[in-house]
Amino acid sequence: MFSFLRMKRTLLAIGLSGVLMSHAVAASSPLPAMGEIASQQIRHIATYFPGRMAGSPAELIAADYLNQQFNKLGYKSDLRGFDTRYLYTSNDGKKNWQNIHATSVIAARPGDVPQQIIVMAHFDTYMPQSDSDTNHNLGGLTLQGVDDNASGVGVMLELAERMQAIPTHYSLRFVALSAEETGAKGAEDFVNRMSAEEKKNTLLVINLNSLITGDRLYFNSGVNTSAAVAKLTRVRAIKIAHSLGIPAESHDNTHCCDGIGALDEARLPLLNVTATNYALGKKDGEQQRAVSSHFPLGTTRYQSQFDNLQYLDTALPGRIEKRSRDTVKVLFPLLRDLAKPAKHA
């Protein structure tokens, strides 16, 4: 399916990390129904790795868990540490740089050719970056980060598991980024480490972020993603969704790339998948749903009291399972068909 692009571009073992999911079984065993793996992983990550702020012990344990999951599925997976920093603002207005050592996870499997498709999701939770953040209980050790972004990681892990036994023409890479919540430093580090050849060989990056709280699913292309690629990815994803009766739409690409702007600036083709409501607030996707007694700010991002399993299961019963199922039902056939095109297509 990407044959035209080929022509254009050529065309740690710490306690909790050892807890293994019961569904990760031999490849010969039948897989659960669509979305079950993702929802189980979302719940597992949120429960066992809250407060997984970049550079924290919880982040490192979560990274080790994800690394184990990918290796168990047969991918070549490694931890990738990097040094970065963020500004912390105190109540008196003083700003100080805080240095951290963050850890991302990179898993890969070669295809017949070096051209690759990347599936990406950040797994770190929000780190308070001011006294005001702390005073307003934004981020911190108790934030489970179900929506932002255990949801994206869970779907990514299910896609990896469903693709493990499928031979692909194009290579696959699954990337769990850290330090997204400290100025999108994880995406910057990832891009900066790519060679010119790797960038040229990257046919598509599918980014998964905040899939639960928002009113509806959006499939958005990158600002610098060509119309031809958008037709094969964004348009195709929405067509699959509608054929399955899944509400989905796209928004203009000017707001596609929060957290992964470095990839768009590097002109890597993007498909950003998220759940929000662009018709509300400033119409920039920041407000995920209508303001209500359950969601007084119209969003759950960074808020420990809202972005947790107990609250979301009460306020949005069944949403985690439904949104996991819907997202996987759209993205699995899309990824399968893009990664293994028909011969001579």
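Right above here is the structure, for reference.
This section reports on the structure supplied with the text. Owing to the predicted nature of the structure, the values given are computational and were not obtained by experimental measurement.

Let us look at the pairing of strand β8 (residues 270–276). Counted residue by residue, β8 has seven buried out of seven residues, so it is predominantly covered. Judged by which residues are buried, β8 turns out to be covered on both faces: Leu 270, Asn 272, Thr 274 and Thr 276 on one side and Leu 271, Val 273 and Ala 275 on the other are all buried. Two strands pair when backbone bridges link them, and strand β5 (residues 202–209) and β8 are joined in this way by five bridges, in the parallel orientation. Bridging from a neighbouring strand, Asn 207 pairs with Asn 272 of β8. Where strand β6 (residues 216–221) lies against β8, six bridges are found, and the strand directions are antiparallel. Looking at β8, one finds that Phe 219 is bridged to Val 273.

Glancing now at the pattern of salt bridges. Taken as a whole and assessed by the stated rule, the structure comprises 13 salt bridges. Residues Glu 197 and Lys 200 are paired through a salt bridge, measuring 3.8 Å at the closest nitrogen-oxygen approach. Of this pair, Glu 197 and Lys 200 both sit in helix α7 (residues 196–201), separated by three residues, roughly a single helical turn. Accessibility expressed as a relative area gives 35% for Lys 200, which makes it partly exposed. Linking Glu 249 and Arg 216 is a salt bridge whose minimum nitrogen-to-oxygen distance equals 3.5 Å.

All right, on to the environment of Phe 306 then. Position of Phe 306 relative to the elements: it lies in the loop between β8 and α10 (309–315). With 12 residues separating them along the chain, Phe 306 and His 294 place their C-alpha atoms 8.6 Å apart. Aside from chain neighbours lying at most four places away, what touches Phe 306 is His 294, Pro 296, Thr 300, Tyr 311 and Leu 312.

Turning to its location among the elements, Asn 137 is positioned in the loop between α4 (131–135) and α5 (146–163). Leaving out residues up to four positions away in the same chain, Asn 137 has contacts with Tyr 302, Gln 303, Ser 304 and Gln 305. Within the structure, Asn 137 has its side chain in polar contact with the side chain of Gln 305 (distance 3.5 Å).

Another aspect to go through is the packing of helix α2 (residues 36–48) against helix α3 (residues 57–72). Running from amino to carboxyl end, α2 crosses α3 at an angle of 150°, the nearest separation of the two axes being 11 Å. Taken together, the axes of α2 and α3 lie roughly antiparallel to each other. Every pair of crossing elements has a handedness; the one defined by α2 and α3 is right-handed. Along the contact surface, α2 presents Gln 41, His 44 and Ile 45, while α3 presents Tyr 65, Leu 66 and Gln 69. Its residues assigned to classes, the contact of α2 with α3 comprises three nonpolar, three polar and no charged.

The next point concerns helix α11 (residues 319–339). Relative to the 30 Å expected for 21 residues at 1.5 Å per residue, α11 spans 29 Å between its end C-alpha atoms, a close match to the ideal helical length. Across the 21 residues of α11, 15 count as buried, placing the element largely inside the fold.

With that out of the way, let us pick up the packing of α2 against α11. In the contact formed by α2 and α11, the axes pass within 8 Å of each other and the chain directions differ by 130°. Classified by the angle their axes make, α2 and α11 are oblique. In this structure, α2 meets α11 at a crossing whose hand is right-handed. Counted together, Ala 38, Ser 39, Ile 42 and Arg 43 of α2 and Ile 320, Glu 321, Ser 324 and Val 328 of α11 form the full contact between these two elements. Broken down by class, the residue content of the contact of α2 with α11 amounts to four nonpolar, two polar and two charged.

What counts, and where the lines are drawn
Residues numbered from 1 in each chain as written. Predicted model: local features only at pLDDT ≥ 70, side-chain atom pairs only at ≥ 80, totals over all residues. Heavy atoms only, no water. Buried < 20%, exposed > 50% of the residue type's maximum accessible area, 1.4 Å probe, protein only. Helix = DSSP H or I, 4+ residues; strand = E, 2+ residues; numbered from the N terminus. Pairing = 2+ DSSP bridges. Salt bridge = Lys/Arg side-chain N within 4 Å of Asp/Glu carboxyl O. Contact = heavy atoms within 4.5 Å. Polar contact = N/O pair within 3.5 Å; in protein donor to acceptor, adjacent residues only side chain to side chain. Axes fitted to C-alpha atoms, helices over the stretch in contact; angles between N-to-C directions. Parallel < 35°, antiparallel > 145°, perpendicular 65-115°, else oblique. Left-handed = near helix turned anticlockwise from the far one by under 90°. Nonpolar A, V, L, I, M, F, W, Y, C, P; charged D, E, K, R; others polar. Expected span 1.5 Å × (residues − 1).

Note that every value here comes from positions in space, so none of it alone points to a role or purpose.
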